[in-house]
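Structural overview
Residues per chain are reported as follows:
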Amino acid sequence: PNGLQVGRVRIPLGVIGFIYESRPNVTVDAASLCLKAGNAVILKGGSEAIRSNLILGQILGEALKETGLPAAAIQVIPTTEREATRILLQQEQEVDVIIPRGGEGLIRFVTDHSRIPVLRHYKGVCHVYVDEFADLGMAAEICFNAKVQRPGVCNAMETMLVHEGVADAFLPALLKRFRDAGVEIRGCPRTLALMPEATPAKPSDWPEEFLDLILAVKVVHGLDEALDHIEKYGSNHTEAIVTNHYDRAQRFLDEVNSSVVLVNASTRFNDGNQLGLGAEIGINTSKLHAFGPMG
């Protein structure tokens, strides 16, 4: 109305500091994504893969020079000292955003010490709730995939919630299948009644990201208790409901406050590639600027 011509243009974030403990393929994923989006990146990896990361950084620098781009657009910090991370987090004049990817301790350290905005790839305390209206055969496949296919990743199921109306029919066979696959079960009293050899769950198990073949199992009275449990112990990462009841599925989608919420699908689908975003730099569990997988 005022005669202004208005346009919206995508711009790079600038210089990204990427701090991670992950596998060395993440070095290439992060560098490629940052560069493709027009950013420079400073990579600070963990001690386990420092030699691989330095070689990959050297290769990336050579590739940049071959294409006429500055080799310094991708840099790997050549030390694993935590003090180097602390120094990086103070460079608010030089670095525009920090993306940490790793365990809870790393995320807390970065968040506590950074003067730079942080996009948090926080821990994945992911739940699957098996409703009383679930197809139990499908529920068993979903839960087994969510826990066993790759337990050491952030979108693996850590707690399985089961409606009390189907617990007796659902749990015994599935718990045996988990046990045969090497999964340690940490169960509530109702779960222990169905699997006496399971370990009693401690209060500290419910908010735990095991990243291992360990599963917390709780029998709940219904959807309300499942929602309350997820609200209390979840990490806003990934939650799933297995049900054929449309209204319950919609309520779960509406009320669960996580980056990806699923109906009748494994938590393992919270992945940039699976959701059509290509490679991802992480799954952001804070709502600025993206909530969920960042492609």
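Here the structure is shown first, and the text comes after it.
Residues numbered from 1 in each chain as written. Predicted model: local features only at pLDDT ≥ 70, side-chain atom pairs only at ≥ 80, totals over all residues. Heavy atoms only, no water.

Some points on the overall build of the protein
Of the regular secondary structure elements, the protein holds 9 helices and 13 strands. With the C-alpha coordinates aligned to their principal axes, the bounding extent of the protein is approximately 65 × 60 × 35 Å. Relative to its 295 residues, the protein shows a buried fraction of 49%. For the protein, the accessible surface area stands at approximately 14500 Å², while carbon and sulfur atoms represent 52% of it. The positive charge centre, built from 28 side chains, and the negative charge centre, built from 36, are 3 Å apart in the protein. (Helix = DSSP H or I, 4+ residues; strand = E, 2+ residues; numbered from the N terminus. Buried < 20%, exposed > 50% of the residue type's maximum accessible area, 1.4 Å probe, protein only. Areas by Shrake-Rupley, 256 points an atom, 1.4 Å probe, with all protein chains shown as cover. Lys, Arg positive; Asp, Glu negative; His and termini not counted. Charge placed at Lys NZ, Arg CZ, Asp CG, Glu CD.)

Things to note about helix H5 (residues 136–148)
Taking 1.5 Å as the rise per residue, H5 with 13 residues should run 18 Å; its terminal C-alpha atoms sit 18 Å apart, in good agreement. Of the positions making up H5, those classed as buried are Ala139, Ala140, Ile142, Cys143, Phe144, Ala146, Lys147 and Val148. In this fold, the buried residues of H5 make contact with strand E5 (126–130), strand E6 (157–163), helix H6 (167–180), strand E9 (214–220) and strand E10 (238–242). Two to three positions downstream of the cap, the backbone nitrogen of Gly137 sits 3.0 Å from a side-chain oxygen, assigning the N-cap of H5 to Asp135. (Expected span 1.5 Å × (residues − 1). Contact = heavy atoms within 4.5 Å. Polar contact = N/O pair within 3.5 Å; in protein donor to acceptor, adjacent residues only side chain to side chain.)

Some remarks on the pairing of strand E11 (residues 260–263)
Where E10 lies against E11, 4 bridges are found, and the strand directions are parallel. Residue pairing across strands places Ile241 opposite Val263, the latter belonging to E11. With helix H9 (residues 246–255) bridging E10 and its parallel neighbour E11, the resulting β-α-β unit is right-handed. (Pairing = 2+ DSSP bridges. Right-handed = clockwise from strand over helix to strand, strands pointing away.)

Focus: the packing of helix H1 (residues 25–36) against helix H2 (residues 50–66)
Relative placement of two packed helices is described by the angle separating their axes and the distance separating the axes. Interaxial distance between H1 and H2 falls to 10 Å at its minimum, and their mutual angle equals 30 degrees. Considered as vectors, H1 and H2 are oriented roughly parallel to each other. Two packed elements cross with a definite hand, and for H1 against H2 that hand is right-handed. Facing H1, whose interface residues are Thr27, Val28, Ala31 and Leu35, H2 presents Asn53, Leu56, Leu60 and Leu64. Split into classes, the residues belonging to the contact of H1 with H2 amount to 6 nonpolar, 2 polar and no charged. (Axes fitted to C-alpha atoms, helices over the stretch in contact; angles between N-to-C directions. Parallel < 35°, antiparallel > 145°, perpendicular 65-115°, else oblique. Left-handed = near helix turned anticlockwise from the far one by under 90°. Nonpolar A, V, L, I, M, F, W, Y, C, P; charged D, E, K, R; others polar.)

Digging into the packing of aromatic side chains
Per the stated rule, a full pass over the model turns up 2 aromatic pairs. Relative to Tyr20, the ring of Phe18 lies with its centre 5.1 Å away and its plane at 35 degrees, an arrangement referred to as tilted. Relative to Phe178, the ring of Phe144 has its centre 5.7 Å away and its plane inclined at 25 degrees; by these criteria the two rings are stacked. Of the two residues, Phe144 is situated in helix H5 and Phe178 in helix H6; the sequence distance between them amounts to 34 residues. For Phe144, a relative accessible area of 18% puts it in the buried group. Exposure remark for Phe178: the relative accessible area of 0% places this residue in the buried category. Cation over ring: Arg82 sits above Phe109, and NZ or CZ is 4.2 Å from the ring centre. (Phe/Tyr/Trp six-rings, centres within 6.5 Å; stacked < 30°, edge-to-face > 60°. Lys NZ or Arg CZ within 6 Å of the ring centre and 35° of its normal.)

Describing the sheet that holds E5
Read across the open sheet, the 7 strands follow the order E8-E7-E9-E6-E5-E10-E11; overall the sheet is parallel. With partners counted over all chains shown, the strands left at the sheet margins are strand E8 (199–200) and E11, one partner each. With 4 bridges joining them, strand E7 (residues 184–187) and E9 adopt parallel strand pairing. Each bridged residue has a counterpart across the sheet, and for Ile185 the counterpart in E9 is Leu215. Against the sheet, H6 engages E5, E6, E7 and E9, with an angle of about 155 degrees to E6.

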